[in-house]
Each structure stands twice: as structure tokens, then as C-alpha cells.
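Secondary and tertiary structure notes
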Amino acid sequence: MQFYTGTSSQQPNSNALKIVALVRNPLERAWSSYKYNYLTPLLSTLRKGTITHQHTTNAQAIPSGKSDEFYIENYAFSFEDMIRAEVYTLKKCLKPNSDAEIKSNKMFRNKTWAKHEFERRKSQGLPPLIALDETCYGDRISKDVPRLQWTHMVKESPERIINVPNLHLVQSFLGRGLYLFPLEWWYMIYHKEDIMIICNEDLKERPHDTMHQVTQFLGLPTFNFTPIVSEGMYNVGGHRGYDVATPWNETSSIPKDNYLPEDIPLSSKLRKKILNFIQPYNRRLFNLTGQKCNW
């Protein structure tokens, strides 16, 4: 979820625009993204046997034909490794008068469409607007260390692989679930009544009612979603995309894609630390949008 960065000094045209944002438990989302954006492409490459140890002068090919469990145990960073490094980075970056605030202010305070909001927040002592992706993760450090937050991980476990495609997604498993930050920009630019927030659990547990609300919000004719919903779940069970549905009676055997915090492989200490970290941002999100999700 990104926001309009405005390469010109003009405010975006918000006339006749409707925005629908789907939000999900940030920890669930982070775990899902770890598997989809890190483990899946990593395992795909490892199975082919074309990848080499990235930190040795005499690079040797990693063996092909092994089990996924073998590759994960020997060559993948754990979710706990990745999320611990990111939480440390975000906590440091988001402190008052730290990188996120200073860099966001420098990048956007003089934009015509943002200047008033920056001044208003400062005069009223409100939290500043933050461009999280642009300010907290940085650029590539070296060939072996794609981001600063992974420096210690790479040093401690040089045999494990961090260089995978879509690093902008891998760097921000948790950050992209802090929906407050991009949405504050959208609510600054667009009318609140033109933005609809949907909790992911509502779409799954009450699909007919939720889709009816979306239809009304968009001003579309009434539509019977029953035949579509009855077909099953999309983008699960090995079916990527939305061309093939997995029937509901087959979904019970599919690994869950909606996780409770206690289901996710994290130590209790780190899990508590993460939940304590994201809770204030979730509260601000719910106050901003007027929509309360069950997390």
C-alpha cells in the first residue's frame, strides 16, 4: 500500500475517486509475506541448484534435488531472524526526530498539497506524516548485504541466502502492515467519505454482506455474489491468482492463511515485543478510519 508522492507541486485530482483498502492483521500479513515473497522464490532457486554461496571466494554450488526442509534448515533465514531485524530497524527509525520524521519532512514539506498538513501537525503537536518505505529501509549496502537491517544476520550466518527478488517486499514484512502510515497520506489528500476500509476477516467471514457494502460504496447496481462465493476460495491450495477456485470442502486440508499470533513460529518474547510495538499504530489507524478490526 503506497501513497501519492507527487512529483509535481500540484495536489492529485480527487474528484469522483473511490478508494477501497483491505487491511489484515499485521503479524499474519508479515508471516504470509515471509513465505510468499521470501521462502517461495528462494526455494524455487535452490531446487534448481544454480545458486552459489554468496559470501565465499571459492563459490560452490548448493546441491540440487534436496527436500525443502533441507534447504530451509541450511540456507534460509527464519521468520524470527527477519522480523527481529526489522522491528529493531523500525523502532529506531520511528523515534521522534529520527530518520523517518526528518527525511519525510525534507522530502514532502514543501509540496503544495502537503505543506498545510505538515504545518498543522507541527503547530498542534500531532505525530508527523511518515513515508515509511522511503525513509526506514535504505538502499543496498553491498553485494552481500542488500539492506542495513540484515548486516548482523549476514555476518552471523554467511551460508544463508538473503538476496532474492523483490527486496522491497522482503525488507518490509512488518512495515507494510503498519497501514496507518500510508493511509494518513490518503486521508490528507482525499475526502474521508471516499475511502472505504475493509478488515480482511470480514471479507472471509461475512463475504456477502461485505461485498454488498463495497457495491453500495462504489455506487454500483446490486449484485448477487452468492454463486461466486459458493465456488470456494481463490489464490489458495497451490492455485495462484483468480482463475481457479478451491472448493470450500477442500480448503480444510490447506495450510491456514489466516493466523492467530500464537500460531506463527516466533518466540513468546519476540511475539510480545512485536504486538506491543504495533498496537499503538493500530489504535491510531482505527481512530483515523473509524473502522475497528479484531486485532
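In what follows, the accompanying structure is described. Nothing here was measured: the structure is a model prediction, and the numbers come from that model.

All right, on to the packing of helix H3 (residues 79-93) against helix H13 (residues 268-289) then. The contact between H3 and H13 brings their axes to 11 Å, and the two run at 35 degrees. The two elements H3 and H13 meet at a crossing, and its hand is left-handed. For the pair H3 and H13, the contacting residues are Glu80, Ile83, Arg84, Val87, Leu90 and Lys91 in the first and Leu270, Lys273, Ile274 and Phe277 in the second. Its residues assigned to classes, the contact of H3 with H13 shows six nonpolar, no polar and four charged.

On to the pattern of salt bridges. According to the stated counting rule, one finds 13 salt bridges in the structure shown. With its nearest N and O atoms 3.9 Å apart, the salt bridge here joins Asp99 to Lys103. You can see Asp99 and its partner Lys103 sitting in helix H4 (residues 99-108), four residues apart, about one turn around the helix. You can call Lys103 partly exposed: its relative accessible area is 39%. The partner of Arg121 in a salt bridge is Glu184, and the shortest N-O contact between them spans 3.4 Å. Of this pair, Arg121 sits in helix H5 (residues 112-123) while Glu184 sits in helix H9 (residues 180-189), and the two are 63 residues apart along the sequence. Under the relative-accessibility criterion, Glu184 is labelled buried at 8%. Beyond isolated ion pairs, a larger network of salt bridges with shared partners links Glu117, Arg120, Arg121, Glu184 and Arg284.

Calculation rules
Residues numbered from 1 in each chain as written. Predicted model: local features only at pLDDT ≥ 70, side-chain atom pairs only at ≥ 80, totals over all residues. Heavy atoms only, no water. Axes fitted to C-alpha atoms, helices over the stretch in contact; angles between N-to-C directions. Helix = DSSP H or I, 4+ residues; strand = E, 2+ residues; numbered from the N terminus. Left-handed = near helix turned anticlockwise from the far one by under 90°. Contact = heavy atoms within 4.5 Å. Nonpolar A, V, L, I, M, F, W, Y, C, P; charged D, E, K, R; others polar. Salt bridge = Lys/Arg side-chain N within 4 Å of Asp/Glu carboxyl O. Buried < 20%, exposed > 50% of the residue type's maximum accessible area, 1.4 Å probe, protein only.

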